[in-house]
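Each chain is listed here by its residues.
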Amino acid sequence: MKNFLKEALSTILYILVVLVITYLVITFVGQRTQVQGSSMEPTLSDHDNLIVDKISYRFKEPQRFDIIVFPFLYKEDTYYIKRIIGLPGETVYIDQEGTIYIDGEVLDESYGREVMLSPGRAGEPITLAEDEYFVLGDNRNNSSDSRDPSVGNIHRDKIIGKTWVRIWPFSKFGILQHQ
């Protein structure tokens, strides 16, 4: 009986430690998320499952072209996955031909799937505050992003993390390239 109690207590303690470690990892280190929709095509597809790195941005600032996850402010439990285009303090402008300008210079990037048809609110220069980022989906003509007033500029404290690994589908398993 004494051995049984010792084993039971040991098992309960083991399960408790596993649960605490799992909670800490999910809360502070990584989180699974699923892509809904096609706004990040061709980089990410509908129903891709990702692990989000929640710890890197505690030690360094987000960089241009990082793919980040942040909450949509107007719908609970809804998260957006977009690519950072504009950094704090920069001025972003998109002309009628879909060319992106950062501080008056053409942005050299090839993530957009096609020519942007609408610059949205970036049709006028947008100067980002010291804690704001401008984000776009890679599928520019099918993306609700910083061009849309309902999304707007993303404040630093709203960024949950950076996409890290695609875990599903297995045929596309691997670390995601940002730059």
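For the structure, check the block above.
Let me sum up the structure you'll find in this document.

Rules and cut-offs
Residues numbered from 1 in each chain as written. Predicted model: local features only at pLDDT ≥ 70, side-chain atom pairs only at ≥ 80, totals over all residues. Heavy atoms only, no water. Phe/Tyr/Trp six-rings, centres within 6.5 Å; stacked < 30°, edge-to-face > 60°. Helix = DSSP H or I, 4+ residues; strand = E, 2+ residues; numbered from the N terminus. Buried < 20%, exposed > 50% of the residue type's maximum accessible area, 1.4 Å probe, protein only. Core = buried A, V, L, I, M, F, W, Y, C linked by side-chain atoms within 4.5 Å. Contact = heavy atoms within 4.5 Å. Polar contact = N/O pair within 3.5 Å; in protein donor to acceptor, adjacent residues only side chain to side chain.

Side note on the packing of aromatic side chains
The relative placement of two aromatic rings is captured by the distance of their centres and the angle of their planes.
Part 1 of the reasoning: Evaluated as defined, the whole model comprises five aromatic pairs.
Part 2 of the reasoning: With a centroid separation of 5.2 Å and an interplanar angle of 45°, the aromatic rings of Phe65 and Tyr111 are classed as tilted. With Phe65 in the loop between β2 (49–53) and β3 (67–71) and Tyr111 in the loop between β7 (105–106) and β8 (126–127), this pair connects stretches of sequence that are 46 residues apart.
Part 3 of the reasoning: Of the residues examined, Phe65 reaches a relative accessible area of 12% and is grouped as buried.
Part 4 of the reasoning: Judged by relative accessible area, Tyr111 falls into the buried class, the value being 19%.

Details of the nonpolar core
Part 1 of the reasoning: Ile85, Ile94, Ile100, Ile102, Leu107, Phe134 and Leu136 are the most contacted members of the largest nonpolar core, which totals 14 residues.
Part 2 of the reasoning: Secondary structure elements with two or more residues in this core: β5 (91–94), β6 (100–102) and β9 (132–136).
Part 3 of the reasoning: Residue contacts for Ile100: discarding those within four places in its chain leaves Ile85, Tyr93, Ile94, Glu105, Val106, Leu107, Glu109, Met116, Leu136 and Arg140.
Part 4 of the reasoning: Within the second largest apolar cluster, twelve residues are counted, among which are Tyr57, Phe70, Phe72 and Leu87.

Quick look at the environment of Asp145
Part 1 of the reasoning: As for its position among the elements, Asp145 is in the loop between β9 and β10 (154–155).
Part 2 of the reasoning: The buried category is assigned to Asp145, whose relative accessible area is 1%.
Part 3 of the reasoning: When the C-alpha positions of Asp145 and Tyr80 are compared, they lie 8.5 Å apart, and in sequence the two are 65 residues distant.
Part 4 of the reasoning: From its side chain, Asp145 meets the backbone nitrogen of Gly137 in a polar contact 3.2 Å long.

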